[in-house]
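A closer look at the structure
Now for the letters of each chain:
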Amino acid sequence: MTSNGHGRLDTEALREEIRRTRVELGETMEALAAKADVKARLKESAGQARQRMREQAASTVARLRGQAAEMTGLARADMAQQGEMMRRNPTPWAAVAVGAVAVVVAVMVIQGRRR
């Protein structure tokens with residue numbers, strides 16, 4: 001080695017290169033160990049799948065609640081409209097009621113004759 005200082009710089013550069021190589025080798029070994037740990041990878045995959053399912057379920061519940069609220073509003077509006085129609089013209093409903101009473105009376109008469 002030379003005593004003019006170049007040898008010292010070369011030695012320091014070589015040591016720095018060795019240190020970087022060791023760090024890279026350590027990171028590579030950690031990555032390989034993580035890939036080899038199948039159990040941990042399966043747990044992580046299952047956890048991710050579980051989280052996706054929870055998010056999808058929450059999204060579906062929110063969508064269905066919105067649709068239910070919309071349908072409830074439509075049904076209420078329809079019932080209000082039908083109620084208004086019945087108040088304006090009760091004749092069809094009265095005819096249905098008379099028909100129902102006639103059916104009940106007919107059934108009672110038929111059962112009475114069988115006894």
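Structure: above.
Figured I'd write up the structure that's included with this text. Here the structure is a predicted model, which is why all the values come from computation and not from measurement. (Residues numbered from 1 in each chain as written. Predicted model: local features only at pLDDT ≥ 70, side-chain atom pairs only at ≥ 80, totals over all residues. Heavy atoms only, no water.)

A count of helical and extended segments in the protein gives 3 helices and 0 strands. Ordered by position from N to C terminus, the α and β elements of the protein give α-α-α. In terms of C-alpha radius of gyration, the protein reaches 42 Å, well past the compact-globule figure of 13 Å for 115 residues. With the C-alpha coordinates of the protein rotated into their principal frame, the extents come out at 130 × 45 × 10 Å. Expressed as a percentage of the 115 residues in the protein, the buried residues total 2%. Put simply, the protein shows about 10700 Å² of open surface, and 61% of that area lies on carbon and sulfur atoms. In the protein, 20 positive and 13 negative side-chain charges are present, and the distance between their average locations comes to 19 Å. (Helix = DSSP H or I, 4+ residues; strand = E, 2+ residues; numbered from the N terminus. Rg over C-alpha atoms; globule rule 2.2 N^0.38 Å. Buried < 20%, exposed > 50% of the residue type's maximum accessible area, 1.4 Å probe, protein only. Areas by Shrake-Rupley, 256 points an atom, 1.4 Å probe, with all protein chains shown as cover. Lys, Arg positive; Asp, Glu negative; His and termini not counted. Charge placed at Lys NZ, Arg CZ, Asp CG, Glu CD.)

Moving on, we get to a nonpolar patch on the surface. On the surface, Leu25, Met29 and Leu32 cluster together into a nonpolar patch covering about 320 Å² of accessible area. The residue Leu32 is located in helix H1 (residues 6-36) in this model. (Patch = residues over 30% accessible without salt bridge, like charges linked within 9 Å, V, L, I, M, F, W, Y side chains within 5 Å. Salt bridge = Lys/Arg side-chain N within 4 Å of Asp/Glu carboxyl O.)

Here Val98 shows up in helix H3 (residues 91-114). In this structure Val98 comes out as exposed when scored by relative accessible area, which is 58%. Considered as a pair, Val98 and Leu25 are 73 residues apart in the sequence and their alpha carbons are 93 Å apart.

Turning to its location among the elements, Pro90 is positioned in the loop between helix H2 (38-88) and H3. Between the C-alpha atom of Pro90 and that of Ala36, which follows or precedes it by 54 residues, the distance is 79 Å.

Further remarks concern the pattern of salt bridges. Counting across every chain of the model gives 4 salt bridges. The salt bridge partner of Arg15 is Glu12, with a shortest N-O separation of 3.6 Å. Here Arg15 and its partner Glu12 are both found in helix H1, 3 residues apart, which amounts to about one turn of the helix. A salt bridge links Arg20 to Glu17; the nearest nitrogen and oxygen atoms lie 2.6 Å apart. Taken as a pair, Arg20 and Glu17 lie in helix H1 at a separation of 3 residues, close to a single helical turn. Relative accessible area serves as the criterion here: at 38%, Arg20 is assigned to the partly exposed category. Residue Glu17 is classed as partly exposed on the basis of its relative accessible area, which comes to 40%.

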